[in-house]
Amino acid sequence: NAKENGKNNYQYYTSSLNLSNQRRMELETGLRNAINNNELSLHYQPQVNLVSNQIIGLEALVRWQHPKYGFISPAEFIPLAEETGLIFSIGKWVLKTACTQCKQWIDFGLPIESVSVNVSPLQFREKNFVSSVNQILEESDLPPRYLELEITESVTSNVNQALSIMKEIKELGVRFAIDDFGTGYSSLNYLRHFPIHKLKIDKSFIDEINQHKDGEEIVKTIIELGNRLRFQVIAEGVEDEQQLSFLKENNCYLAQGYFFSKPLPAEEIEVLLRKKIVE
Ligand code: C2E
Ligand code: MG
Ligand code: MG
Ligand code: MG
């Protein structure tokens, strides 16, 4: 057996490596056809105003139902899409689907204020990004003020490039949120210069509430920074009542997380929107 025999040990190692290589290759091939095969879908997670209890926005999160492996997390396939260049077509599909869905909800008369779409740094820097956002808004007939794009701090590292792209998109009437705020390595100075509407405090900080005093101080400081710079500040990954009261006590009035709702398929979101508030 493997313990007694170095050679077997090596074979065991390579065969398990091959297995993950095989999965990777299958996923890569599968991802190429995922759009055409209708294997991608969007779930939406409510963003809630803690004062009115109203849903103020919905974040679109992509899902992949693989014919052999079943549900595959975007945490696994988005990096793969970025490595293979498939992120561009997947990103456009997500944007188009989210905008079309949002427009339909508006036409139904449902109370919706915005839909948020995650944008990969590669997609953001692609040379036709601005025109493809514009084109998708036109095709879906969605008024641009309903669209929010979630980018991460990393895109701001190239200041001039990021600034010019963001300004052009802002001109269209589209807003920006900084996703996973606080986890990047970027300077804070960019916050003054970029057209940013919302800061999303990363879940890793929210997890510190009622766990670590220093972590709580960081959460308070991020909220205060955001408020002072007049951004909307939203907490992501809120899972319990204690986190919620801490946030309210410290002047954070927007939140998103399993405490309110997991990301849900469009039909289920529609039911929530018809009820108007989440309990
Ligand atoms: P994110 O944009 O920071 O999204 C938040 C993630 O946290 C989502 O995972 C969401 O389901 C999860 N989440 C929300 N509330 C809670 C909570 O209370 N507890 C816990 N444990 N988790 C919570 P998901 O859907 O698996 O997405 C993971 C990441 O994949 C996203 O992080 C985003 O970076 C990326 N992603 C998802 N959809 C897209 C997309 O369409 N395009 C791109 N480029 N990236 C995407
Ligand atoms: Mg996000
Ligand atoms: Mg996030
Ligand atoms: Mg996150």
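My aim in this report is to walk through the structure given alongside it, one point at a time.

Conventions adopted
- Residues numbered from 1 in each chain as written.
- Chains lettered and ligands numbered in written order.
- Predicted model: local features only at pLDDT ≥ 70, side-chain atom pairs only at ≥ 80, totals over all residues.
- Heavy atoms only, no water.
- 1 Å grid on protein atoms, 1.4 Å probe; cavity = no way out; pocket = protein on both sides within 12 Å on 5 of 7 lines; lining within 4 Å.
- Points joined across faces, edges and corners; volume = space filled by probe spheres on them.
- Helix = DSSP H or I, 4+ residues; strand = E, 2+ residues; numbered from the N terminus.
- Nonpolar A, V, L, I, M, F, W, Y, C, P; charged D, E, K, R; others polar.
- Near = heavy atom within 4 Å.
- Polar contact = N/O pair within 3.5 Å; in protein donor to acceptor, adjacent residues only side chain to side chain.
- Areas by Shrake-Rupley, 256 points an atom, 1.4 Å probe, with all protein chains shown as cover.
- Sits in = over half its atoms within 2 Å of the grid points.
- Axes fitted to C-alpha atoms, helices over the stretch in contact; angles between N-to-C directions.
- Parallel < 35°, antiparallel > 145°, perpendicular 65-115°, else oblique.
- Left-handed = near helix turned anticlockwise from the far one by under 90°.
- Contact = heavy atoms within 4.5 Å.

So, about empty space enclosed by the protein. Per the counting criterion, the structure on display carries one cavity of 30 Å³ or more. Its volume calculated, the largest cavity comes out at about 30 Å³. Lining of the largest cavity is provided by Phe88, Lys92, Gln123, Glu126, Phe129 and Ser132. Of all the secondary structure elements, the ones that give two or more residues to the lining of the largest cavity are helix H3 (87-107) and helix H5 (129-140). Here the lining of the largest cavity is built from residues that sort into two nonpolar, two polar and two charged.

Further remarks concern the site of ligand 1. Neighbouring ligand 1 are 21 residues, the closest being Arg63, Asn118, Asp179, Glu239 and Tyr258. Between ligand 1 and Asn118 there is a distance of 2.9 Å, counted from an oxygen atom to a side-chain nitrogen or oxygen. Within the side chain of Asp179, an N or O atom sits 2.9 Å from an oxygen atom of ligand 1. Starting from 800 Å² of accessible surface for ligand 1 in isolation, the protein chains cover 80%. The pocket occupied by ligand 1, as judged from atoms lying within 2 Å of grid points, is the largest pocket. At the level of elements, strand E2 (55-66), helix H2 (74-84) and strand E6 (175-181) are the ones that each hand at least two residues to the shell around ligand 1. Ranked by the residues each element gives to the shell around ligand 1, the list is headed by E2, at four residues. When its residues are assigned to classes, the shell around ligand 1 shows eight nonpolar, five polar and eight charged.

Moving on, we come to the packing of H5 against helix H6 (residues 159-172). Close contact between H5 and H6 brings their axes to 10 Å; oriented N to C, the two are set at 15°. What the angle tells us is that H5 and H6 run roughly parallel. The interaxial crossing formed by H5 with H6 has right-handed handedness. Of the residues in H6, those in contact with Phe129, Val130, Val133 and Asn134 of H5 are Ile165, Glu168, Ile169 and Leu172. Considered class by class, the residues forming the contact of H5 with H6 number six nonpolar, one polar and one charged.

Turning to the layout of surface pockets, a few remarks are in order. Empty space within the largest pocket amounts to approximately 940 Å³. In terms of lining residues, the largest pocket is bounded by 36 residues, among which Glu59, Leu61, Pro74, Asn118 and Asp179 are the most central. Of all the secondary structure elements, the ones that give two or more residues to the lining of the largest pocket are E2, H2, H3, helix H4 (121-125), strand E5 (147-152) and E6. For the lining of the largest pocket, the element with the highest residue contribution is E2, accounting for five residues. Looking at the lining of the largest pocket residue by residue, the class counts come to 15 nonpolar, ten polar and eleven charged.

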